[in-house]
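Structural overview for review
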Amino acid sequence: MYYILLSTGIVLLNEYVDTIEFNIPSYTIAALGTALAIFLGFKNNHAYDRWWEARKIWGLMVNYSRAWTRQVTTLITTLEGEDDHSVRELQKRMVYRHIAFVNALRVFLREKLSYNKLPVNELVEEENTYRDARPFLGPEEYRQFVSKDNPPNFLLQLQGEDLAEAFRRGWLSDYRLIKLEETLVDFNDIQGMSERIKNTPLPRQYTFFSRVFVAIHCTLLPMVFVADLGWMAIPISVVVSFVFLALDMIGERTEDPFENKLEDTPLTALSLTIETNLREQLKESKDNFPKKYSPERGVVL
Amino acid sequence: MYYILLSTGIVLLNEYVDTIEFNIPSYTIAALGTALAIFLGFKNNHAYDRWWEARKIWGLMVNYSRAWTRQVTTLITTLEGEDDHSVRELQKRMVYRHIAFVNALRVFLREKLSYNKLPVNELVEEENTYRDARPFLGPEEYRQFVSKDNPPNFLLQLQGEDLAEAFRRGWLSDYRLIKLEETLVDFNDIQGMSERIKNTPLPRQYTFFSRVFVAIHCTLLPMVFVADLGWMAIPISVVVSFVFLALDMIGERTEDPFENKLEDTPLTALSLTIETNLREQLKESKDNFPKKYSPERGVVL
Amino acid sequence: MYYILLSTGIVLLNEYVDTIEFNIPSYTIAALGTALAIFLGFKNNHAYDRWWEARKIWGLMVNYSRAWTRQVTTLITTLEGEDDHSVRELQKRMVYRHIAFVNALRVFLREKLSYNKLPVNELVEEENTYRDARPFLGPEEYRQFVSKDNPPNFLLQLQGEDLAEAFRRGWLSDYRLIKLEETLVDFNDIQGMSERIKNTPLPRQYTFFSRVFVAIHCTLLPMVFVADLGWMAIPISVVVSFVFLALDMIGERTEDPFENKLEDTPLTALSLTIETNLREQLKESKDNFPKKYSPERGVVL
Amino acid sequence: MYYILLSTGIVLLNEYVDTIEFNIPSYTIAALGTALAIFLGFKNNHAYDRWWEARKIWGLMVNYSRAWTRQVTTLITTLEGEDDHSVRELQKRMVYRHIAFVNALRVFLREKLSYNKLPVNELVEEENTYRDARPFLGPEEYRQFVSKDNPPNFLLQLQGEDLAEAFRRGWLSDYRLIKLEETLVDFNDIQGMSERIKNTPLPRQYTFFSRVFVAIHCTLLPMVFVADLGWMAIPISVVVSFVFLALDMIGERTEDPFENKLEDTPLTALSLTIETNLREQLKESKDNFPKKYSPERGVVL
Amino acid sequence: MYYILLSTGIVLLNEYVDTIEFNIPSYTIAALGTALAIFLGFKNNHAYDRWWEARKIWGLMVNYSRAWTRQVTTLITTLEGEDDHSVRELQKRMVYRHIAFVNALRVFLREKLSYNKLPVNELVEEENTYRDARPFLGPEEYRQFVSKDNPPNFLLQLQGEDLAEAFRRGWLSDYRLIKLEETLVDFNDIQGMSERIKNTPLPRQYTFFSRVFVAIHCTLLPMVFVADLGWMAIPISVVVSFVFLALDMIGERTEDPFENKLEDTPLTALSLTIETNLREQLKESKDNFPKKYSPERGVVL
């Protein structure tokens, strides 16, 4: 990357400087050390927290998706003497629509925001479009779905309306209606929490200054080392700089977990797991299941 | 800022001092370093936690606002054979009043408290008045609303009374009434948690002393550096001081997330998102939606 | 305080010592630094956590008090054709008794425990007695209330009994009874959590040793500085000692948030806010509201 | 303790060594410092978290015990026209059995586990046997209770069966039955969380190595100090070692909060508070209350 | 291990180097120290958090398993005048199936994932196969169970279907059905949270770099020490390296708590505890209980 050039630039500079008699005492870097430790520790801890929270949220998605399917299939029941065909259809529609919701939310979250566009291309990338949700929605529903400002929220509204319909027909009691509505609220929460992480990057003041101060620190390093070490200062300051730059870079990469990067929360793999689990719960034949996710070049997206 | 003057002041002082033979050993700053690290780490971590908690609370506002709208539109139902016009009206009134609640809470939180008034003007500022809530309330309701000690709480009380009314008319069962009431409690929580962050600044002892100790540290810095470095002490101690002052300043700016500053939780943008989402759920025509929020000079308020 | 005497004592001692040839190398303090950082960081972080948790708990008190009032006024309803006078009275009694509960808990928490008595007097103090709860309780109820081992818990028991009475009269359905009971459990939680913080100080081993080690450290400081700095050691070691003593003191003061100190959680101000909000919800005339809390000498208790 | 001997051993060794010309540079300890800070910070923070979590869990026990008593006395009601004697008896039996549960759990948690037996005797000890639960259980129930593998869980099962019985008799509606069952689940949680802390000590790798590395560090200390300080190295390295050993010891003592040690969570005091509160709620006469807990030699168990 | 060879390699290298005049100043390691502290602190804290979270999740499993058994045995009741034989059978089947679920989840979690296979063999290992669940399931059920993609989830779906069946027969009211369904959702959560920890290792960037940087640091150590210490550098740099390598290794071992390692969450012991407790609640005779778990060589798996 660009930083290796920088480091070698510093080292070359350092050689010339060698003639200009440079002796900055070591405690200058020590004094900076404290501030750097706070900045880098802060950045890495909070970046990891965001990444882990994103993973937790999608873990909840897995749990509640399974629960939703169980609830839809066991709590919505026919009335005495009624044919259960239409109930079955409703159940299947609601589970399928939920699979569509999962895919829609994934696509919604992986949209590129302007301030997150990275100039570099990722090793492995994936296309995410709302077309993934098409097999799970009726054609008219799909048409409306893609035209909405917030497509996943639209699907939750539809689920709520289907529940109200089932209640009107007598397939749900008051109380079972509410239980299913509560599970929908959990999906509201999952969507909202994901959007929060997506739309609220770490405060720019922290990420910007941490990069600046690492640069300052790494610029001072060879100036300090050259006095005692001469030519040996080159490899050692490169190594030490590398450690700090790595710390800064790692935080940067982990920070935004919904940007289609290698380090992303594996939304695609999780979506497939959910789809497989739910169809197993619907007692569909195994042959129609999507293929297992096979990581490409060791990367799980 | 004022701190650059201070630093140059120190440097100038340092030059004069140069003649008075100054050699304070470096371990004096090292000894202070530990204490400073604790103070600054503390301040920055807790300031960030406050900022992030504020963002989380308003994320909940987004989630529950969507859930509230779904619940109001699907759980309040007409009795057999009754005209559903008046139910529709009630549903719309309750959703609109909720939009008013969101705006009212935003204004309530951004009121300037005396001990938070900053002497400097922000780059971008926004007016926040209760007038933003007017289009969503009836005229009589609005009149009462502005005269209250705690306007957002007044709106929640009204919502509760409307629910009781719907229950009396038979549009809500006992159980669905309680579910909607529980969502109102969630809004109580959101309001209360926001007020807590607004009204309880970080303990003054921490913010005050952290500023004092950074000042002490930065005053000692050039005194130490001058012995070994001579004139070179000027740029280096400015750079090092800058790092510490920046750490202190960043904490200060992030600390209070409801003060109409650039680093604020983006209440205005979130209010608009909520308004758009809710009206989409009410199936209103897209033409009446508020305009998308366009960040001014890269700032989202 | 007493610590300034100590510091000057050390400095005076240091002068005499000056003649006895003192040269302890600086790494002795550096070696202690690690341990001190752990101790002081630990003490300050956990003291702050306690203070902030106390504030959170009383934030919940605000939220649930508002919710309780809304629930009492909207969920307890008359039967068809019944006069609503007695229901109104019950509602008012239950809300007033809640205000009494808030005041009682405040007084209960601010009682001085023997092991927390400080020898120094606070700048601003406030009397806290159960008399503050008198206007909100009937005379017989008040008499019993003050004789109890745990007065706030007694009030919650009374609320529960009033709910059972309302249920017996048919003003509450089974389900609405439980919802109100659940809100009472929230108040049980708030009381219990406050008592936990009140009755469980930070483990003595941490607070005691942190003070001892700061003392050791500050005693060693001038001994180290005197070798290189001579007379200059006096101001510098006073300054450095001051920073560490301040860190220790701040933790000490923040640690116990229910002791009627300046840094306390502002229970009095919060009680007044709750009283005003609840009476506004009861639609009482503004003239009877308690006066706004006016901070005395910038202190909010 | 044994560590003072060790320190003096090191010091004595140091004297002999004095003749063998020892000069290890100070940065060797500085290099170890980082690792030690991580270990000791880790140990102390997590030990404290365990201790505080244990206190929180038993705080919940206090809250829910009060709520349980209120619920048992207000939610279990007689049918129209029925004598309320047998209901009263059931209520009293269930509250008493709960007091037995609290005592049983305390005893269950304070059983000595083989890997926690300490060779030293505590200053103040207390006997904990299931006999404390006898006055609150019927004789037959008590006999079965002591023979069980998990006595507290047995009591919760009995409570559940009594609730089912009350439901069968019509004293509880479906809905109130469930509310009481939910409170029992809270007690399941409290028991399970306490058992988790009891049965899962901090990973041995952390506690063992932290002790080893403190020993290594303290062994190196006098070797480093002796070069510059001569005989003066003895007191100073003793003091510094003491600080580190204290840090390690404190963590060790706080770590397991259910072992009948001085630093334990005060289960006995809390059990007495619960007993007093519940009997007050049952309106028993004050004369039968257990005596207030009087701390012995300043220790609350 | 391999690291001891490395260290001695470094030391041997060091001896040769001794002739090549090596004097790297000590502040090079100090500069690296900050970065290392962040990396190692990060790794160890988060590894421990994962381990402790896993333990917490399985603690919940214990709590809810007990609650599930109580609920199944007390909330599913016969209708007036009906024989309770078939209800008893259903209750027993549902509790046994739950034991099967616990065992199935344990086996599911301990499957070896390709990227977690360690080359070394553990001291004590245990076979985990689905056969452990056989005694608790009917033969046909067992056959289907092993053929599923996600066997534990299949069992939860069956539990849900049995509940719906009991509801249809009138053994459960609407409301009690939902309470039991809610407990099933808790098991969904437990399974999903365990899978999250199993399938999401710490980000590779952190674990990989922390190992690399420890290696760099330990390589520099003897180079620095040799200048001042000569031959004495060998033992001292081995000791210091050992401390850092140990810190790194401990994090590595604690990180993945479901891999059949010695440091694992003790799933086997917990499964046995659950089995014993549940059968005690079913009032089975003690003779059929599984044998108490006896730790092998001090290891609890």
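Quantities reported herein were computed from a predicted structural model and do not represent experimental measurements.

1. Quick look at the overall build of chain A
- Per the secondary structure count, chain A includes nine helices and zero strands.
- Along chain A, from the amino end to the carboxyl end, the secondary structure elements read α-α-α-α-α-α-α-α-α.
- When the 301 residues of chain A are sorted by exposure, 62% land in the buried category.
- In chain A, the share of contacts with a sequence separation of at least 24, taken over all contacts with a separation of at least 6, comes to 79%.
- Counting only carbon and sulfur atoms, one obtains 57% of the accessible surface of chain A, whose full area is about 12100 Å².

2. So, the relation of the copies chain E and chain A
- When chain E is brought onto chain A, the operation consists of a screw motion whose angular component is 72 degrees and whose axial shift is 0.0 Å, with 0.0 Å RMSD remaining. Each copy turns onto its partner about a five-fold axis. Scanning chain E for the C-alpha nearest the rotation axis identifies Tyr 175 of chain E, at a separation of 6.0 Å.

3. A closer look at the interface of chain C and chain B
- Opposite the 53 residues of chain C that make contact, chain B presents 51 residues.
- At the boundary of chain C with chain B, total buried surface from both sides reaches about 4800 Å², with 63% on carbon and sulfur atoms.
- On the chain C side of the interface with chain B, the three residues burying the most area are Tyr 48, Arg 70 and Tyr 175 of chain C, jointly 14% of the side's total.
- For the pair chain C and chain B, the number of links is 17 residue pairs in polar contact (both at pLDDT 80 or more).

4. Describing the interface of chain E and chain A
- Listed as interface residues are 52 residues of chain E and, on the opposing side, 53 residues of chain A.
- When chain E packs against chain A, the two sides together hide about 4800 Å² of surface, and 64% of this comes from carbon and sulfur.
- Contact with chain A buries area across many residues of chain E, yet Tyr 27, Gln 157 and Arg 196 of chain E alone supply 13% of it, more than any other trio.
- Connecting chain E to chain A are five salt bridges.
- As a salt-bridge pair, Arg 176 of chain A and Asp 174 of chain E come within 3.0 Å of each other at their nearest N and O atoms.
- Elements that contribute at least two residues to the side of chain E that touches chain A include exactly α2 (27–75), α5 (151–169), α6 (174–199) and α7 (204–229) of chain E.
- Top contributing element to the side of chain E that touches chain A by residue count: α6 of chain E, with 16 residues.

5. Notes on the nonpolar core
- Of all hydrophobic cores here, the largest spans 446 residues; its most connected members are Trp 58 of chain A, Trp 58 of chain B, Trp 58 of chain C, Trp 58 of chain D together with Trp 58 of chain E.
- If we skip the residues at most four places from it in the chain, Trp 58 of chain D touches Val 102, Leu 105, Arg 106, Leu 109, Ser 194, Phe 258, Leu 267, Leu 270 and Ser 271 of chain D.

Scoring rules and cut-offs
- Residues numbered from 1 in each chain as written.
- Chains lettered and ligands numbered in written order.
- Predicted model: local features only at pLDDT ≥ 70, side-chain atom pairs only at ≥ 80, totals over all residues.
- Heavy atoms only, no water.
- Helix = DSSP H or I, 4+ residues; strand = E, 2+ residues; numbered from the N terminus.
- Buried < 20%, exposed > 50% of the residue type's maximum accessible area, 1.4 Å probe, protein only.
- Contact = heavy atoms within 4.5 Å.
- Areas by Shrake-Rupley, 256 points an atom, 1.4 Å probe, with all protein chains shown as cover.
- Least-squares fit on C-alpha atoms with pLDDT ≥ 70 in both.
- Buried area = accessible area lost by both parts, 1.4 Å probe.
- Polar contact = N/O pair within 3.5 Å; in protein donor to acceptor, adjacent residues only side chain to side chain.
- Salt bridge = Lys/Arg side-chain N within 4 Å of Asp/Glu carboxyl O.
- Core = buried A, V, L, I, M, F, W, Y, C linked by side-chain atoms within 4.5 Å.

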